[in-house]
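Listed below are the residues making up each chain.
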Amino acid sequence: MAFRARHLLGIEHLSPEDIRTVLDLAERYVELSRRTIKHSDALAGMTQINMFFESSTRTQSSFELAGKRLGADVMNMSVAQSSVKKGETLIDTALTLNAMHPDLLVVRHPASGAVNLLAEKVNCAVLNAGDGRHEHPTQALLDALTIRRAKGRIQRLTVAICGDIAHSRVARSNLILLGKMENRIRLIGPPTLMPAGVAEFGCEVYDDMAKGLEGADVVIMLRLQKERMDGGFIPSEREYYYRYGLDAEKLANAKPDAIVMHPGPMNRGVEIDGELADDINRSVIQDQVEMGVAVRMACMDLLAQNLRADRGRKATGVMV
Amino acid sequence: MKSLHFTNARLIDPEALTDSLGSLTATAGQISAMNGPAPDGAQQINCAGKCLAPGIVDWGVKVGEPGERHRESFRSAGMAAAAGGVTTLIARPDTMPAIDTPELLEFVTRRAAEAAPVRILHMAALTKGRAGLEMTEIGFLRDVGAVAFSDADHVVQDTRVLARAFSYARSLGALVVGHPQDQGLSRGTSATSGKFASLRGLPAAPALAERIGLDRDLGLVELTGVRYHADQITTERALPALVRAKANGLDVTAGVSIHHLTLNEFDVGDYRTFFKLTPPLRSEADRLAVVAAVGEGLIDVICSMHTPQDEESKRLPFEDAAAGAVALETFLPAAMRLFHAGALSLPMLFRAMSLNPARRLGLPQGRLAAGAPADLVLFDPAVPYLLDRAALHSKSKNTPFDGQRMEGRVIATFVAGKQVFGGAQ
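Calculation notes
Residues numbered from 1 in each chain as written. Chains lettered and ligands numbered in written order. Predicted model: local features only at pLDDT ≥ 70, side-chain atom pairs only at ≥ 80, totals over all residues. Heavy atoms only, no water. 1 Å grid on protein atoms, 1.4 Å probe; cavity = no way out; pocket = protein on both sides within 12 Å on 5 of 7 lines; lining within 4 Å. Points joined across faces, edges and corners; volume = space filled by probe spheres on them. Helix = DSSP H or I, 4+ residues; strand = E, 2+ residues; numbered from the N terminus. Nonpolar A, V, L, I, M, F, W, Y, C, P; charged D, E, K, R; others polar. Pairing = 2+ DSSP bridges. Axes fitted to C-alpha atoms, helices over the stretch in contact; angles between N-to-C directions. Contact = heavy atoms within 4.5 Å.

Enquirer: Just to check I follow, could you spell out the layout of surface pockets for this structure?
Expert: Empty space among the atoms becomes visible once a probe the size of a water molecule is rolled across them. Residues and elements named next belong to chain A. What the largest pocket holds in volume is close to 750 Å³. Along its surface, the largest pocket is lined by 35 residues, and Arg-58, Thr-59, Arg-108, Gly-264 and Pro-265 are the ones closest to its centre. Mapped by element, the contributors of at least two residues to the lining of the largest pocket are α1 (16–34), α2 (58–69), α5 (137–151), α6 (169–180) and α11 (285–316). Among the elements that make up the lining of the largest pocket, the one with the highest residue count is α11 (seven residues). Residue classes in the lining of the largest pocket are distributed as nine nonpolar, 15 polar and 11 charged.

Enquirer: So what exactly am I meant to see when it comes to the sheet that holds strand β2 (residues 73–78) of chain A here?
Expert: In a beta sheet, neighbouring strands are held together by backbone hydrogen bonds and run either parallel or antiparallel to one another. All names here are of chain A. An order of β2-β1-β3-β4 is seen for the four strands of this open sheet, with the pairing classed as parallel. Two strands lie at the open edges of the sheet, namely β2 and β4 (125–131), each paired on one side alone. On average, each strand axis in the sheet is tilted by 15° relative to the strand beside it, whichever way the strands run. Against the sheet, α2 contacts β1 (47–52), β2, β3 (104–109) and β4, and its axis sits at roughly 180° relative to β1. Sitting on the sheet, helix α3 (residues 90–98) is in contact with β1, β2 and β3, with an inclination near 160° to β1.

Enquirer: Quick question: what am I supposed to make of empty space enclosed by the protein here?
Expert: Residue and element names in this part refer to chain B. Counting across every chain of the model gives five cavities of 30 Å³ or more. Here the largest cavity defines a volume of roughly 130 Å³. In terms of lining residues, the largest cavity is bounded by 15 residues, among which Val-156, Leu-162, Val-177, Gly-178 and His-179 are the most central. Examining the composition of the lining of the largest cavity, we find that three residues originate from one element, strand β10 (residues 175–178), more than from any other. Class assignment for the residues of the lining of the largest cavity results in nine nonpolar, three polar and three charged. Here the second largest cavity defines a volume of roughly 80 Å³.

Encoded structure:
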């Protein structure tokens, strides 16, 4: 079986085989989650700590639910109550937590690379729930699962990612994953919201939304990250909506069966038309939320299996 | 003091750009003869074919006195310098508080002279508190020994303030050192814009921020006629501006740190904070262009930009971590990478590490000729080893070369004919 990783820090370190393994297992957890008794013992007896240095409702509750459905003891550590506010460094926090013997640590942090740093210092499995502008691997995996279920495959699709690419970790993880799975990727947005060096990414880059959407199978809209803006990336929200907001008219350029995705939370009327977001024939935004729990269950299950195997090897002294 | 007679030495002469076997005699702190006979009673030193070069004049070293002695003291910096073949160390004024009054400058001058085995000279701040608002007492500071004026990595943003400081410095013949960087573009960033920084999600400034900053400074040099040195030119696209300024006869020189000549942005890898520098590491194309510019003499000076940082300030997420690296001891071994790669000859390297900085600062050092101070480094350019940061003399151990294969090591260092590092002192 693929997926031998100790941590899930980014899509960058996963192979296409790893990705398929996660998605296949997640399918089983989708089924489980639709039953009345939504319970497995995969993480029974294990401790999962959710550590969110950046506020989050959706991702944190998704991870919490995933852990609970797998039978883990889940603890949420909110930064507002933690000693981080009292000046403790990230590494000290990590060492303190490590002494409590968690098995899975789910971390979100506003600085790129902070989760990598933390993973070097602890003995448990670390899941990156988003670090700065770097990666958000479970989001890319849940998007992949959503696409695979809607389109029947996750290869040879034309996927348009639209909006604030520069500040988006979702965009980075998605374009790495979709690239590894051999899809055609288009990035659409104003040049001020495109990352530097985008020409070397191997994607097609458009600042004209209508052209960029032509023939697309999948349209991924990104949230306009207002809280990340140093100021002045776009002239106004209304001009942004006029040029880059997704509505039925612009979507008409894509394939007739193109699906619309959004990682949430949405700014209706800024990057996406409210009615379109609710159109069950086009929008799979609610599916993404459902797939999110299943994918996170799969990731934690796989990491827990690796953790058990690793500890087993250490206990028996077998060298690998 | 006994005379020293170095025999069988590979003499690296950065003035004549020669690299030849011969002997050197040092008497009373000065080089008294090249390839002459051994004076009576002289101490004979058989160099066994190893290299003897003028000691390094390292322009822009951060020492933590006053304010940050836990990071580096004059004693530890001096020991590290001696171990690295640096015989003259030009200290930066970015201390806490900044060296911006003659009283403070006199204090650090005295401290340095007491504590360090190598020569230490000082730059003073160009503006009070390096705040970029009012010029310092450039005249008084010069009188008590400031060799140049610099706000280090604080860029004076108000062009009018800078123009006045340049103009005043010009009237005194003082040398000013700029840090060419456009603050609007580079504020709050920790990497160079490009694919690598974008994939790592690091806030980044375009490489052109350097040229924009340089162009502004050069415009003011043209306006005022001040003697100007750019501390670090690290990008390909800044080079034409430098060519133009020199061709137009402006009194301008430029430096580059050894790290920007030997490392590139990819070395940051998975957020390794020991590779976080000011300015940030550049692309490989930039690195190659800047190495070539040193070879052509367009960039005059290679410096270490020695910046000690304690463990706590580096054990942070990349964006939050402090910038800078220690380099006094790794300067020469790292420079040997350029020699072994065939990029620069040994005389070219010592032209940029010893001769040019000494000349620009009006010092007699940097030459291998009779009458020059006997500040010398004896080194083996080919000895291989793994660098262990714990073995460095600096109080701070933040070197990007930790655990790396190095080639080249200092055997002995002499200041004014007195051995300050190496066996059998």
